[in-house]
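Spelled out, the chains give:
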Amino acid sequence: AQKITQTQPGMFVQEKEAVTLDCTYDTSDQSYGLFWYKQPSSGEMIFLIYQGSYDEQNATEGRYSLNFQKARKSANLVISASQLGDSAMYFCAMIIIQGAQKLVFGQGTRLTINP
Amino acid sequence: KAGVTQTPRYLIKTRGQQVTLSCSPISGHRSVSWYQQTPGQGLQFLFEYFSETQRNKGNFPGRFSGRQFSNSRSEMNVSTLELGDSALYLCASSLDVGSYNSPLHFGNGTRLTVT
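From a predicted model like this one, the values you see are computed outputs, not experimental measurements.

Cut-off values and rules
Residues numbered from 1 in each chain as written. Chains lettered and ligands numbered in written order. Predicted model: local features only at pLDDT ≥ 70, side-chain atom pairs only at ≥ 80, totals over all residues. Heavy atoms only, no water. Helix = DSSP H or I, 4+ residues; strand = E, 2+ residues; numbered from the N terminus. Rg over C-alpha atoms; globule rule 2.2 N^0.38 Å. 1 Å grid on protein atoms, 1.4 Å probe; cavity = no way out; pocket = protein on both sides within 12 Å on 5 of 7 lines; lining within 4 Å. Points joined across faces, edges and corners; volume = space filled by probe spheres on them. Nonpolar A, V, L, I, M, F, W, Y, C, P; charged D, E, K, R; others polar. Phe/Tyr/Trp six-rings, centres within 6.5 Å; stacked < 30°, edge-to-face > 60°. Buried < 20%, exposed > 50% of the residue type's maximum accessible area, 1.4 Å probe, protein only. Lys NZ or Arg CZ within 6 Å of the ring centre and 35° of its normal. Pairing = 2+ DSSP bridges.

### Some words on the overall build of chain B
- Scanning chain B for helices and strands turns up 0 helices and 11 strands.
- Overall, chain B shows an N-to-C arrangement of helices and strands of β-β-β-β-β-β-β-β-β-β-β.
- Relative to its length of 115 residues, chain B is compact, with a C-alpha radius of gyration of 13 Å against a globular reference of 13 Å.
- On the principal axes, the C-alpha backbone points of chain B span a range of 40 × 25 × 25 Å.

See below:
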């Protein structure tokens with residue numbers, strides 16, 4: 001069965017510092033996709049970045065980058081130059097396609113940016 | 001382009017009642033899925049609809065049901081509400097079906113409180 005593990009329940013970072021949020025995954029499938037979502041206190045899940053299992057380069061989207069290490073089954077999110085507005089819950093997720101498609105989420109990491 | 005719209009944002013119901021939640025996907029998106037988020041269980045997949053057909057259902061009792069209309073709008077219904085149904089219910093839509101690189105885009109969610 002597919003599983004996502006996020007080992008950091010909470011992280012505190014100073015504004016303008018870089019932060020790495022950890023994510024490891026478990027799957028026997030060769031084809032899969034990994035996503036990171038941000039959830040502010042308002043509740044909306046905001047799509048940040050995607051990495052496909054066959055992508056040879058690490059994904060980047062503005063200040064977000066994904067450190068994808070396939071052999072170690074890890075897909076860590078790196079946020080550069082953190083801002084106060086980055087304070088939120090962050091979820092790592094894997095997409096499963098078995099007739100239908102669904103996301104399997106990790107437990108999340110609560111990131112707090114201190115001024 | 002408008003995002004995923006969920007209504008209502010907040011609901012307070014009494015045990016034993018039933019509730020209907022609504023979701024309008026992004027224009028052109030035909031896949032709609034529902035997730036339940038609770039502090040204890042995290043984010044859990046409820047069901048996914050495509051072309052008015054439920055393609056997959058998560059491990060939830062039959063009290064949870066849904067449907068999708070021809071315009072891709074979806075509703076989910078919970079009957080005989082229990083206290084444990086209190087949660088944030090998130091709807092997501094995606095453009096491509098069966099694609100590992102098609103992100104799910106979420107709405108703001110409906111926060112249901114059962115008293």
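### What about the layout of surface pockets?
- For the largest pocket, the calculated volume is near 340 Å³.
- Taken together, 18 residues form the lining of the largest pocket, with Gln39, Met89, Phe91 and Arg110 of chain A together with Gln37 of chain B sitting closest to its centre.
- Mapped onto the lining of the largest pocket, the elements with two or more residues apiece are strand S10 (88-98) of chain A together with strand S4 (31-38), strand S5 (42-50) and strand S9 (87-94) of chain B.
- A total of 3 residues in the lining of the largest pocket trace back to one element, the largest contributor, which is S10 of chain A.
- Here the lining of the largest pocket is composed, by residue class, of 8 nonpolar, 8 polar and 2 charged.
- Estimated volume of the second largest pocket: approximately 250 Å³.
- The wall of the second largest pocket is formed by Lys102, Leu103, Val104, Phe105 and Gln107 of chain A together with Gln41, Leu43, Gln44, Phe45, Gly58, Asn59 and Phe60 of chain B.
- Secondary structure elements with two or more residues in the lining of the second largest pocket: strand S11 (100-105) of chain A together with S5 of chain B.
- Ranked by residues supplied to the lining of the second largest pocket, first place goes to S11 of chain A with 4 residues.

### Considering the packing of aromatic side chains
- On inspection of all chains with the given rule, the structure shows 15 aromatic pairs over all chains.
- Consider the rings of Tyr35 of chain B and Phe45 of chain B, whose centres lie 5.7 Å apart with planes at 65 degrees: the pair is edge-to-face. Here the residue Tyr35 of chain B occupies a position in strand S4, and Phe45 of chain B occupies one in strand S5, the gap between them amounting to 10 residues. For the pair Tyr35 of chain B and Phe45 of chain B, one class covers both residues: buried.
- Taken together through their ring pairs, the aromatic side chains of Phe35, Tyr37, Phe47, Tyr50, Phe91 and Phe105 of chain A together with Tyr35, Phe45 and Phe106 of chain B make up a single cluster.
- We note Arg63 of chain A situated over the ring of Tyr64 of chain A; from NZ or CZ to the ring centre the distance is 5.7 Å.

### Thoughts on the pairing of S4 of chain B
Residues and elements named next belong to chain B.
- Most of S4 is tucked away, with 8 of its 8 residues classed as buried.
- What you see with S4 is no split at all: Ser31, Ser33, Tyr35 and Gln37 on one side and Val32, Trp34, Gln36 and Thr38 on the other are buried throughout.
- For S4 and S5, the ladder comprises 8 bridges, and the chain directions are antiparallel. By the bridge assignment for S5, Ser31 is matched with Phe50.
- Inspection of the sheet shows S4 paired to S9 by 7 bridges, in the antiparallel sense. Bridge assignment links Tyr35 to a residue of S9, and that residue is Leu90.

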